[in-house]
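# Inside the fold
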Amino acid sequence: MNLRRLTLSAALVITLFYIALILSLFYFFKRDLFLETLLSPRTLFSLRLSLLCATLASLLSLWLGLPAAYALSRFDFPGKRLVDTLLELPLVVSPAALGAMILIFFYQPVGAWLAARGLTFVFAVKGIVLAQFVTTAGLAVRLLKATLDEIPPRYEEVARTLGATPLKAFLTVTLPLSRRGILSALVLTWAKALGEFGATITVAGAMPLRTETLPIAIFMRLSTADIPGTAVLTLILVAIGLCVLYGVHRLGESGL
Amino acid sequence: MIRVEGLRVRAGNFLLGEIDLEVKSGEIHVLLGPTGSGKSTLLEAVIGLRTPEAGRILLEGHDLTRVPVEKRGLGYLPQDLALFPHLSVRENILYGLKIRKRPCDGFVSELCRILDISHFLERRVTSLSGGERQRVALARALAPGFRHLLLDEPFSALHQGLRRELWDLLSELRHRYGLTVLLVTHDLKEAFFLGDTVSVIFEGRLEASGPPERLYRKPPSLRMARFFGLRNLFPGRITGEGRVEVPSLGTVLRVTSTPSFRSKIYVGIHPEDVLVVRDKYLRPDQENLLSARLVNLRSEGPQVRVVFKGEGGGLLEVILPDLARSKLDLSPGRRLRLSLPPERIFLLEGKE
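Residues numbered from 1 in each chain as written. Chains lettered and ligands numbered in written order. Predicted model: local features only at pLDDT ≥ 70, side-chain atom pairs only at ≥ 80, totals over all residues.

## Let's talk about the nonpolar core
If you look at the biggest cluster of nonpolar residues, it comprises 98 residues, and the most contacted ones within it are L31(B), V46(B), A139(B), L150(B), L182(B) and L183(B). Sorting elements by how many residues they give to this core places helix α4 (residues 130–142) of chain B first, with six residues. When residues of this core are assigned to domains, at least three fall in each of domain 1 (2–220) and domain 2 (223–349) of chain B. If sequence neighbours within four positions are ignored, L31(B) has contacts with K39(B), L42(B), L43(B), L182(B), L183(B), V184(B), S199(B) and I201(B). Membership of the second largest hydrophobic core comes to 43 residues, among which are F121(A), I128(A), V129(A) and I216(A). (Core = buried A, V, L, I, M, F, W, Y, C linked by C-beta atoms within 7 Å. Buried ≥ 20, exposed ≤ 12 C-beta atoms within 10 Å, placed from the backbone. Helix = DSSP H or I, 4+ residues; strand = E, 2+ residues; numbered from the N terminus. Domains from an automatic or database assignment. Contact = placed C-beta atoms within 7 Å.)

## A word on the domain arrangement of chain B
Residues and elements named next belong to chain B. If you check the domain split of chain B, you get domain 1 (2–220) and domain 2 (223–349). If you average the C-alpha positions of domain 1 and of domain 2, the two centres end up 38 Å apart. Between domain 1 and domain 2, the contact holds 10 residues from the first and eight residues from the second. The set of elements that each furnish at least two residues to the side of domain 1 that touches domain 2 consists of β9 (197–202) and β10 (205–210). Partitioning the side of domain 1 that touches domain 2 into residue classes produces eight nonpolar, no polar and two charged. (Nonpolar A, V, L, I, M, F, W, Y, C, P; charged D, E, K, R; others polar.)

## Concerning the environment of L166(B)
Residues and elements named next belong to chain B. For L166, the location among the structural elements is in helix α5 (residues 160–177). The spatial distance from the C-alpha of L166 to the C-alpha of L115 is 9.5 Å, given a sequence separation of 51 residues. With residues near it in sequence (within four places) discarded, L166 still touches G131, Q134, F155 and L158.

Quick look at the structure:
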């Protein structure tokens, strides 16, 4: 078997595996049940909560991640390697452990002090956003840094010789040149936040119509052996995820 | 005028300086040196992209050393030109004016006309040819009204014909607008064609500075002679006033000056200064004659580069017009008489 066939076979096996998983969801698919589950107040709440929290968490990740990624991409500073390593923490530590770390933070004096001043995150919607932000910020910085690394600093240097301040040079040259990468990073971060489960359930719990996001709703249905209901909710999540990925790929091809 | 005083710049493990340099108003001053010698680092320090450890940079008497890049008012062309790919030609050229909130005036139109770019102002810069990109980058650097231009090997990626065209264009712009230009290059031809003054940098230090003809005619050091591509460098020994023995050529040469250094000396002569003398034209007063055997010749288009072997085994390179190939019946193995005019011979101290 030549290399081409060998590698294509591997790609086919993985693809078929994912297709089989998606198709198996349709085994339990019933149109009436699908509509009933989708349109139930509990599912609609979970959907709305998931979309809202994922949007807030990914925007927060972008808002803080873009300047952080710029600093890591453009400047050398003491402790840069440490910062770089810490930003990868959410990629290597399990989400449940990250959630536990957030919980523990609010049970030690600084966290308790913050909680006493109204900054309560545990078992609250704010906690969902925080958990999703903690798990996605590292990814956002990583993706944004990769985008900025591809844009030679020389453009900004020339812009500065022409009279632009560092911020103006970034806004008028680097930002427009990296818009496609930034949009991709935002969408992928959003998708990751949408599917986040481990840290969210640890910090915010699983309270129906309060902190029950879509992944948590799937878990709750599964825990009561409601397989058809689980399949419906999973289909919704998979459909959203595939639409997002398709959008990102189209974004890349369009040359926006 | 741009003045650099005692400038010291560190770039990683590389240390540039201390450098003292003066770029006179209206001149093209060329920074020449091999790759990694520090010439681009010096240019980047002048433009403000690198912070010096010590020294000062003065522009028309004003200290620029701590002035931010955007307030220096120096036009800059990097090697890769860095035209903004998301903007059109027009938007690139007007970038500096727009940032400074200044209107586009007749000067920019005139600049575009001189640079012959007026007919493609709406095109994307990514669709331009190499020569077009250079002209747009020049327009962008000059459009804000800058009269000091810093160029970092901008023509190095172009073919010879296009380079000549752009050298002429740069000279025209310089004369028309009274530009003061600091140009970095490792190309000798470019340095000698454009430079009113050439400063040579080796390993972060300024080796010599002066008019290009003077530096070429009499290189101040052995290292510089070698950098100029000179092969005709032979160890010698002073045997008397104005006399140097050159064992590798098997002769004693008369020279017009006796050097102050007496240690190890090298005798040098440019290949275009060596004369090939046919017996029937031999004059009785012909000096520094030596017999040599032709070992190799290579055509270089309009000229031919001929290598002779002297009596002592040394190889002497001679450049002759292509016509000489047939007139002198040049062919390997042939023995000819060569004359080394004393006034064209220079002596160099043996140390690097």
